[in-house]
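Chain by chain, the residues:
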Amino acid sequence: MKYFVRIADLPQILEVEVEGGRVSVAGAPYEAHLAAVPGTPLYHLLLAGESWTVAAQPGEGIGRWTLGVVGERIEVEAVDERTRHVQELTGRRPVRAASGTIQAPMPGLVVRVAVTEGQRVEAGAELVVVEAMKMENQLRAPRAGVVAKVHVAVGEAVEKGAPLVTVESPELSG
Amino acid sequence: MAEISRVLVANRGEIALRIIRACHEERLEAVAVYSQADRLSPHVRAAELAVPIGPAPAVDSYLNMGRLIEAARSTGCQAIHPGYGFLSERAPFADAVARAGLVFIGPPAAAIVAMGDKTEARRRMQAAGVPIVPGTTQAVSDAKRARYEATRLGFPVLLKAVAGGGGKGMRLVHEPAELEAAFQAAQGEALRAFGAGDVYVEKYLQRPRHVEIQVLADTHGRVVALGERECSIQRRHQKLIEEAPSVALSPALRRRMSEAATAAAGSVGYVGAGTIEFLLGPGGEFHFLEMNTRLQVEHPVTELVYGVDIVREQLRIAAGKPMRVHAGTLNPRGHAIECRITSEDPFNDFLPATGVLRYLRVPSGPGVRWDGGVEQGNEVTLFYDPLIAKLIVWGDTREIAIQRMRRALRELVIVGLPTSQAFHLRVMEEPTFQRGELDITYLERVGPALLAPEPRAEVVRPLAVVAALLAEEQRAAAVPPPLSDRPTVRPSGWVDAAVREGLRE
């Protein structure tokens, strides 16, 4: 089976073909053996003799994982050919944070709202400040746009994932 | 002084565990306290006795003086160790502990008061001949006065809360036009954070290092300095990486700063462990910043290069014994580095994360120390600070210590929530850090490039293969193979699938 793998935010998609105990990455063949380390979320990969220990935590959605290797934590996504084909036909692929609504990344207290509805914001502009774990956390606009809705007010306690501010930007579609 | 045989540890997390370990080595019994959120925390399990003190929010538990003192009394403790944070620098708590007939493991309440008021501390240091950061030694009454002082000092200046700490109630002002608004903002923030809106003015020093001196003082009149820690790698006044010694200190400068620190401690009748923070300029000129009248998070780097167990010394000093630090040991040996492993996502503006620690593999091997407070299965909540553990290494030289830290960080595995681990690893490999070219703007200057979220080239292929093989395993699990092919034992779904496919060929 052939998989199309995206690593973090790297632009290129890697084609990985799995066939028995062999894999080919972008056409180059390797011997590969993956074994789960019992009682842990760790996997041990032998890839053409190279030894790699990788921690795997399932992500949101089929084919998505957060992998940990040599101290780094990296999100990956592997889709098979058919899924990829469907994605191409519908003209979209799953994108992280495609929503124009900024959500609370953790539970906390809204201590500042820096924008009002209808206001034009640049990418990186401060929208809301949420205090959690003794720290004030600035939430910024991921892209330029217009503030369509402010969902919270100062002093409000928010749960993780609560909508804070919706920013509409023309380039969001597609 | 009263014999101490049982100590109440009025804290949680890694520092509670650190103090309990010191108690046990001193052959003392430790009593833990815990909020509802910490019922299963390691510090609770490590102690001889454990007392519930209330609901998860700190104001209802770890900041509740009455409950803590009652817990100490009901369990027959003779002393209370406050750790850091929470009540450690609250003079009323030190007073209340003493009034309850218990020993407060820390300085006298008067020393906490003197150093807690930042302008009084500045006046005292001036009187003791310790250089202070240029600025006012009294609160300024209004923005107009602040403007006059700022003009006298020269812009940029810092407006700081008199009752301050941790960067709250602080504003950097570049030019006169910004002053009015900044003054109001600093006052408001100080009022909210500390209940007192007084603000004073300090000259803003350009790119100094943060260098602090550890002091220990006993009740037999001895005050010693255990050298410096360099803590220039900070984010919004929160330290991220600390080391000892500092590459910027010659033995002569170390001596001068140590003398200033012991003079500072002596001037307030200090007893126990404390830290004098200085800003150090490029020409070796240093200025008193503030004194922390408690055990410091980063105390382990000093312990490793001076061979002194600071917490055990605190316990001995509290019992009225002379400290076991000998003049001959007062030179640093080797080099130590500490990385604070926090549940913050460095690739997302250090946003704090909560969640369950699904898996933890702690680094070990030569020269590695792990001061942790969370174990596998524990939940990191929003109620307390995001420190998971301190990873500390020692090496003969700074270069060896950096290599060792890099190795240890690569061994560390944390699954379940994002942490600062990758940030530390990247700092260890960053050339200006390796050359020791540090100042408190390091993160602002180097951070953005350091944290460009590019995975290392060498991990791309193995990660792609793991992702594909995991996807294959997932697919095999979702679509069961024909009955005849189904194995009875499944060590790993993917290994099985590979075997099956191999058999078919």
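Residues numbered from 1 in each chain as written. Chains lettered and ligands numbered in written order. Predicted model: local features only at pLDDT ≥ 70, side-chain atom pairs only at ≥ 80, totals over all residues. Heavy atoms only, no water.

Colleague: Any chance you could break down the overall build of chain B for me, citing the residues and the numbers?
Modeller: Along its length, chain B carries 17 helices and 22 strands. For 505 residues, the compact-globule estimate of 2.2 N^0.38 gives 23 Å, and chain B sits close to it at 25 Å. Projected onto the principal axes, the alpha-carbon positions of chain B cover approximately 90 × 55 × 45 Å. Counting the 505 residues in chain B, one finds 60% classified as buried. Pairs at least 24 residues apart make up 64% of the contacts formed inside chain B by residues separated by at least 6 positions. Of the roughly 19,700 Å² that chain B leaves accessible, carbon and sulfur atoms contribute 51%. (Helix = DSSP H or I, 4+ residues; strand = E, 2+ residues; numbered from the N terminus. Rg over C-alpha atoms; globule rule 2.2 N^0.38 Å. Buried < 20%, exposed > 50% of the residue type's maximum accessible area, 1.4 Å probe, protein only. Contact = heavy atoms within 4.5 Å. Areas by Shrake-Rupley, 256 points an atom, 1.4 Å probe, with all protein chains shown as cover.)

Colleague: Outline the overall build of chain A, listing residues and values.
Modeller: The number of helices and strands found in chain A is one helix and 16 strands. In chain A, buried positions account for 43% of the 174 residues. Sequence separation of 24 or more characterises 41% of the internal contacts of chain A that already satisfy a separation of 6 or more. Of the roughly 8,900 Å² of accessible surface on chain A, 53% is carried by carbon and sulfur atoms.

Colleague: Quick rundown of the packing of aromatic side chains? Include the residues and the values.
Modeller: What characterises a pair of aromatic rings is the spacing of the ring centres plus the angle enclosed by the ring planes. All names here are of chain B. As enumerated under the stated definition, the model contains six aromatic pairs over all chains in all. Taking the centre distance of 5.5 Å and the plane angle of 80° together, the rings of Y62 and Y384 count as edge-to-face. Here the residue Y62 occupies a position in the loop between strand 3 (49-54) and helix 3 (65-74), and Y384 occupies one in the loop between strand 20 (379-380) and strand 21 (387-395), the gap between them amounting to 322 residues. In this structure Y62 comes out as buried when scored by relative accessible area, which is 0%. Residue class for Y384 comes out buried when judged on its relative accessible area of 4%. With centroids separated by 5.4 Å and ring planes inclined at 80°, the aromatic side chains of F350 and F423 adopt a geometry described as edge-to-face. Taken together, the residues F350 in the loop between strand 15 (344-345) and strand 16 (351-352) and F423 in helix 13 (residues 421-428) connect sequence positions 73 residues apart. Neither F350 nor F423 differs from the other in exposure class; each is buried. (Phe/Tyr/Trp six-rings, centres within 6.5 Å; stacked < 30°, edge-to-face > 60°.)

Colleague: Could you give an account of the packing of helix 12 (residues 398-411) of chain B against helix 13 of chain B, naming the residues involved and the relevant values?
Modeller: All names here are of chain B. At their nearest, the axes of helix 12 and helix 13 sit 9 Å apart, and the two run at 150° to each other. Here helix 13 runs roughly antiparallel to helix 12, going by the angle between their axes. In this structure, helix 12 meets helix 13 at a crossing whose hand is left-handed. Judged by residue contacts, I402, M405, R406, L409 and R410 of helix 12 engage Q421, H424, L425 and M428 from helix 13. A class-by-class count of the residues in the contact of helix 12 with helix 13 yields five nonpolar, two polar and two charged. (Axes fitted to C-alpha atoms, helices over the stretch in contact; angles between N-to-C directions. Parallel < 35°, antiparallel > 145°, perpendicular 65-115°, else oblique. Left-handed = near helix turned anticlockwise from the far one by under 90°. Nonpolar A, V, L, I, M, F, W, Y, C, P; charged D, E, K, R; others polar.)

Colleague: Pulling in residues and values, what's your account of the domain arrangement of chain B?
Modeller: Accessible area lost upon the coming together of the parts serves often as the stated size of an interface. Entries for chain B in the domain assignment read domain 1 (6-105), domain 2 (134-203), domain 3 (206-333), domain 4 (334-430) and domain 5 (461-504). Once you take the C-alpha centre of each, domain 2 of chain B and domain 4 of chain B turn out to be 35 Å apart. (Domains from an automatic or database assignment.)

Colleague: Any details on the nonpolar core? Residues and values, ideally.
Modeller: Note on soluble globular proteins: their nonpolar side chains tend to be buried together. Residue and element names in this part refer to chain B. If you look at the biggest cluster of nonpolar residues, it comprises 40 residues, and the most contacted ones within it are V7 and L216. A total of six residues in this core trace back to one element, the largest contributor, which is helix 1 (residues 13-25). Those residues within four positions of L216 in sequence are excluded, and the remaining contacts are R222, V223, V224, L226, G272, A273, V308, I310, E313, I317, M323 and V325. (Core = buried A, V, L, I, M, F, W, Y, C linked by side-chain atoms within 4.5 Å.)

Colleague: I'd like a rundown of the environment of B:A467, residues and numbers included.
Modeller: Relative to the helices and strands, B:A467 is located in helix 16 (residues 457-478). Apart from residues no more than four positions distant in its own chain, B:A467 is found in contact with A:V5, A:W65, A:V76 and A:A78.

Colleague: Account for the interface of chain B and chain A, with residues named and values stated.
Modeller: Each partner contributes to the interface: chain B provides 60 residues, whereas chain A provides 59 residues. Between chain B and chain A the total buried area reaches about 5,100 Å² when both faces are included, carbon and sulfur atoms providing 69% of it. At the boundary of chain B with chain A, the tally comes to two salt bridges. Across the salt bridge formed by A:E72 and B:R456, the nearest N and O atoms sit 3.8 Å from each other. Of all the elements in the fold, those that place two or more residues in the side of chain B that touches chain A are strand 16, strand 18 (359-361), helix 12, strand 22 (413-415), helix 13, helix 16 and helix 17 (493-504) of chain B. When residues in the side of chain B that touches chain A are grouped by element, the largest group, 18 residues, is from helix 16 of chain B. (Buried area = accessible area lost by both parts, 1.4 Å probe. Salt bridge = Lys/Arg side-chain N within 4 Å of Asp/Glu carboxyl O.)

Colleague: So, empty space enclosed by the protein: which residues are in play, and what are the values?
Modeller: Residues and elements named next belong to chain B. This model, assessed by the stated rule, comprises one cavity of 30 Å³ or more. Considered as a void within the structure, the largest cavity measures approximately 50 Å³ in volume. Of the residues assigned to the lining of the largest cavity, the class counts are six nonpolar, six polar and one charged. Both of domain 1 (6-105) and domain 3 (206-333) provide at least three residues apiece to the lining of the largest cavity. (1 Å grid on protein atoms, 1.4 Å probe; cavity = no way out; pocket = protein on both sides within 12 Å on 5 of 7 lines; lining within 4 Å. Points joined across faces, edges and corners; volume = space filled by probe spheres on them.)

Colleague: Could you give me a rundown of the sheet that holds strand 1 (residues 6-9) of chain B, with the residues and numbers involved?
Modeller: Residue and element names in this part refer to chain B. An order of 3-2-1-4-5 is seen for the five strands of this open sheet, with the pairing classed as parallel. In this open sheet, the two edge strands, each paired with only one partner strand, are strand 3 and strand 5 (103-104). Lying on the sheet, helix 1 is in contact with strand 1, strand 2 (29-35) and strand 4 (79-81); it crosses strand 1 at an angle near 175°. Sheet strands in contact with helix 3 are strand 1, strand 2, strand 3 and strand 4, and its direction is about 155° off that of strand 3. (Pairing = 2+ DSSP bridges.)

Colleague: Give me the sheet that holds strand 7 (residues 171-173) of chain B: which residues, what numbers.
Modeller: Pairing between the strands of a sheet is mediated by backbone hydrogen bonds and can be parallel or antiparallel. Residue and element names in this part refer to chain B. Taken in spatial order, the three strands make up an open sheet running 7-6-8, and their pairing is antiparallel. Either end of the sheet is taken by a strand with one partner, and the two such strands are strand 7 and strand 8 (199-203). Shown here is a sheet whose adjacent strand axes are inclined to one another by a mean of 30°, direction ignored. Both strand 6 (residues 157-161) and strand 7 contribute to a ladder of three bridges, which runs antiparallel. The partner of L159 across the bridge, within strand 7, is R171.

Colleague: I'd like a rundown of the confidence of the model for chain B, residues and numbers included.
Modeller: Residue and element names in this part refer to chain B. Here chain B averages 92 in pLDDT, and 93% of its residues register 70 or above. Every residue in residues 484-505 scores below 50 in pLDDT, and together they form 31 contacts with partners more than four places removed in sequence or on other chains. Under the prediction, the complex receives an ipTM of 0.84, its pTM being 0.85. (pLDDT = per-residue confidence, 0-100.)

Colleague: Explain unusual backbone geometry to me, and be specific about the residues and the numbers.
Modeller: Cis geometry is adopted by the peptide bond preceding B:P156, which originates at B:F155 and carries an omega value of -5°. Here B:P156 is to be found in the loop between helix 7 (143-153) and strand 6. That bond from B:A244 to B:P245 is cis: its omega, -5°, falls within 30 degrees of zero. Phi at A:A8 is positive, roughly 45°, even though this residue is not glycine. Looking at where A:A8 falls in the secondary structure, it is placed in the loop between strand 1 (2-7) and strand 2 (14-19). One non-glycine residue with positive phi stands out, namely A:A48, at about 50°. The exposure class assigned to A:A48 is exposed, which follows from its relative accessible area of 51%.

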